[in-house]
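The lines below spell out each chain.
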Amino acid sequence: MNVVFAVKQYISKMIEDSGPGMKVLLMDKETTGIVSMVYTQSEILQKEVYLFERIDSQNREIMKHLKAICFLRPTKENVDYLIQELRRPKYSIYFIYFSNVISKSDVKSLAEADEQEVVAEVQEFYGDYIAVNPHLFSLNILGCCQGRNWDPVQLSRTTQGLTALLLSLKKCPMIRYQLSSEAAKRLAECVKQVITKEYELFEFRRTEVPPLLLILDRCDDAITPLLNQWTYQAMVHELLGINNNRIDLSRVPGISKDLREVVLSAENDEFYANNMYLNFAEIGSNIKNLMEDFQKKKPKEQQKLESIADMKAFVENYPQFKKMSGTVSKHVTVVGELSRLVSERNLLEVSEVEQELACQNDHSSALQNVKRLLQNPKVTEFDAARLVMLYALHYERHSSNSLPGLMMDLRNKGVSEKYRKLVSAVVEYGGKRVRGSDLFSPKDAVAITKQFLKGLKGVENVYTQHQPFLHETLDHLIKGKLKENLYPYLGPSTLRDRPQDIIVFIIGGATYEEALTVYNLNRTTPGVRIVLGGTTVHNTKSFLEEVLASGLHSRSKESSQVTSRSASRR
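Residues numbered from 1 in each chain as written. Predicted model: local features only at pLDDT ≥ 70, side-chain atom pairs only at ≥ 80, totals over all residues. Heavy atoms only, no water.

- An unreviewed UniProt entry annotates the chain as Vacuolar protein sorting-associated protein 45 of Nyctereutes procyonoides.
- You can read under Function (unreviewed entry) in the UniProt record for the chain the words "May play a role in vesicle-mediated protein trafficking from the Golgi stack through the trans-Golgi network."
- In the Sequence similarities (unreviewed entry) part of its UniProt record, the chain is described as follows: "Belongs to the STXBP/unc-18/SEC1 family." (UniProt positions renumbered as here; feature names shortened; annotations may be inferred.)

### Comments concerning the sheet that holds strand β17 (residues 529-534)
Pairing between the strands of a sheet is mediated by backbone hydrogen bonds and can be parallel or antiparallel.
Move 1: In spatial order, the strands read β6-β7-β17-β15-β11-β10; together these 6 strands make up an open sheet with mixed pairing. Edge positions in the sheet fall to β6 (130-133) and β10 (174-177), since each of these pairs with one other strand and no more. Within this sheet the neighbouring strands show an average axis-to-axis angle of 25 degrees, counted without direction.
Move 2: In the packing of helix α6 (residues 152-168) onto the sheet, the strands contacted are β7 (136-138), β11 (212-217) and β15 (501-507), and the crossing angle to β15 comes to about 165 degrees.
Move 3: Packing against the sheet, helix α18 (residues 469-478) makes contact with β10, β11, β15 and β17, and its axis sits at approximately 150 degrees to β15. (Pairing = 2+ DSSP bridges. Helix = DSSP H or I, 4+ residues; strand = E, 2+ residues; numbered from the N terminus. Axes fitted to C-alpha atoms, helices over the stretch in contact; angles between N-to-C directions. Contact = heavy atoms within 4.5 Å.)

### Some thoughts on the pairing of strand β1 (residues 23-27)
Move 1: When you tally the buried positions in β1, you get 5 out of 5 residues, the bulk of the element.
Move 2: Burial of β1 is two-sided: the residues K23, L25 and M27 facing one way and the residues V24 and L26 facing the other way are all buried.
Move 3: Here β1 pairs with strand β3 (residues 67-72) via 5 bridges, running parallel. What sits directly across from L25, in β3, is I69.
Move 4: One ladder, built from 5 bridges, connects β1 with strand β2 (residues 49-54); its direction is parallel. (Buried < 20%, exposed > 50% of the residue type's maximum accessible area, 1.4 Å probe, protein only.)

### What about α18?
Two residues of an α-helix separated by three or four positions point the same way, owing to the 3.6 residues in each turn.
Move 1: Along α18, the residues classified as buried are F469, L470, T473, L474, L477 and I478. Take α18 and look down its axis: the buried residues cluster within an arc of 165 degrees, on one side only.
Move 2: Positive phi shows up at G480, right after α18, with a value of about 75 degrees. (Arc of directions from axis to C-beta.)

### A look at unusual backbone geometry
Move 1: You will see that E48, though not glycine, has its phi angle at about 70 degrees, which is positive.
Move 2: Residue placement: E48 occurs in the loop between α3 (41-45) and β2.
Move 3: Backbone geometry places K170, a non-glycine residue, at a positive phi of 55 degrees.
Move 4: Along the chain, K170 falls in the loop between α6 and β10.

### Here's the deal with the sheet that holds β3
Move 1: Strand order in the open sheet made by the 5 strands is β2-β1-β3-β4-β5, with parallel pairing throughout. What marks the edges here is a single partner per strand, and that holds for β2 and β5 (119-124). Across the sheet, the axes of successive neighbouring strands diverge by a mean angle of 15 degrees, strand direction being ignored.

### Topic: the packing of aromatic side chains
Aromatic ring pairs are reported here in terms of the distance separating the ring centres and the angle at which the planes meet.
Move 1: Here the structure, examined in full by the defined rule, presents 13 aromatic pairs.
Move 2: An angle of 55 degrees between the planes, with centres 5.9 Å apart, marks the rings of Y91 and Y94 as tilted.
Move 3: For Y94, a relative accessible area of 0% puts it in the buried group.
Move 4: Of the aromatic side chains, those joined through ring pairs into one cluster are Y10, Y97 and F125. (Phe/Tyr/Trp six-rings, centres within 6.5 Å; stacked < 30°, edge-to-face > 60°.)

### A look at the nonpolar core
Move 1: The biggest cluster of nonpolar side chains holds 160 residues, and the ones touching the most others in it are I215 and I507.
Move 2: Among the elements that make up this core, the one with the highest residue count is helix α14 (residues 381-394) (10 residues).
Move 3: Apart from the residues lying within four places of it in its own chain, the contact partners of I215 are L162, I175, R176, Y177, Q178, A184, L187, A188, F505 and I507.
Move 4: One finds M63, C70, I83 and V118 within the second-largest nonpolar core, a separate group that totals 20 residues. (Core = buried A, V, L, I, M, F, W, Y, C linked by side-chain atoms within 4.5 Å.)

Below you can see the structure in the form of structure tokens.
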């Protein structure tokens with residue numbers, strides 16, 4: 001179950017099916033992102049695709065020597081653009097691929113518009129999601145719910161994305177959902193409806209143990225997206241922001257022009273692929289090794305190119321060298337900027353207290369530490385507010401709860417009203433009243449013993465002691481112990497055996513820390529394959545925008561601004 005491979009296969013099949021000759025790839029805003037996540041432009045160029053165009057761009061030239069491969073989402077808007085295109089075709093022949101199920105009436109409208117008979121084929125290829133890592137996918141939707149219920153437009157887009165994922169992995173699953181979430185039940189029902197309606201598409205070879213789709217809600221664990229991260233991919237997203245594999249470095253002091261935006265993709269960057277799940281300390285020493293390796297391979301300044309053979313060797317090695325040089329400068333810049341932010345914002349100290357708030361149960365120690373950091377001028381208003389949010393979530397019902405005092409400290413520190421208001425909004429979003437689970441205290445004897453032993457022997461790394469709640473949920477699911485009264489099946493049938501193929505989807509967004517959990521479970525649990533998806537992949541900043549967009553606390557002006565930035569309308 002590899003989502004990057006699934007999308008890649010669709011795209012190479014589209015290009016192969018159009019046969020030899022020069023081609024243009026016509027896409028929309030969303031499919032451009034979907035393609036760019038799995039292929040670089042140079043890789044597609046090698047397949048005779050010489051032009052990339054948007055279907056909505058007005059001033060495309062007529063190029064009758066090109067074949068057109070159209071990869072589009074089946075929206076009304078795109079069908080209208082295609083109808084206009086087919087009435088006045090700019091290319092010789094059209095191969096049309098929709099990223100999801102297209103209605104018969106739309107196909108009829110396209111056939112009527114194709115008076116010049118330029119359409120060679122119309123097909124459905126279900127690459128209707130963003131493949132982030134082999135086991136992680138996203139729909140790039142920010143602000144999927146209004147209050148506790150779905151925004152209808154986003155429910156429809158999420159249903160399409162999730163059913164496309166199932167079709168691309170060739171899975172017809174049984175469905176379980178989080179009972180405490182109305183949104184999870186609603187999405188489960190919508191996916192089931194599509195599977196029932198399009199039953200012919202979902203007729204795959206039966207496996208001994210049917211696959212399982214588990215639908216969860218972000219509200220159940222608002223702690224994970226609030227924590228600072230210390231593994232490479234998660235840390236880059238938390239401190240710099242990853243948007244479709246792109247990182248904006250334009251704000252880095254003294255950045256050179258060619259590094260203002262860099263791409264981090266495990267598909268074609270070996271260093272990133274080997275280091276994305278490692279801790280920041282290990283990355284530092286690996287960067288050093290990369291640099292040393294690079295120095296050795298660097299062509300000597302006075303390298304004598306005396307014979308033809310010397311010149312040939314130099315030219316042959318140069319592209320390798322150039323690529324390596326790009327990789328080195330990119331990672332050195334990114335890691336350098338992460339280090340600068342860590343020391344400028346005092347993040348080691350901040351993160352240690354965050355971990356204490358997430359993992360320990362010592363109220364007075366936690367309170368003292370938060371108060372101490374709020375006095376520290378190096379701690380930014382963003383990090384100060386985040387610490388108070390974690391405190392508010394953990395000690396919401398504690399007898400000595402000191403939230404009002406901390407809120408005063410935030411005000412005295414000069415933290416803006418926007419962040420102060422978010423503290424109560426986060427509790428409203430993911431507080432005790434909402435959660436179907438107990439996030440903080442261990443529930444059974446085994447868990448209590450584990451926590452006690454952990455306390456005795458100390459923690460290997462104070463910055464990474466937190467495990468997302470998803471880890472426990474999946475652990476129980478794999479062992480066949482996930483309670484049906486909390487995570488019921490949709491419909492009458494239940495799974496007799498332990499599940500093998502598991503697709504987990506988090507409404508309200510997943511995180512890279514959860515992706516790391518899934519990566520480790522895949523590695524250490526033979527016979528089990530897990531894929532994680534979410535309406536988006538959050539860092540703290542985007543998670544707080546999600547909370548605002550849900551408008552749970554106050555339907556303020558701010559929340560409408562966030563909502564308007566959410567994903568495309570169907």
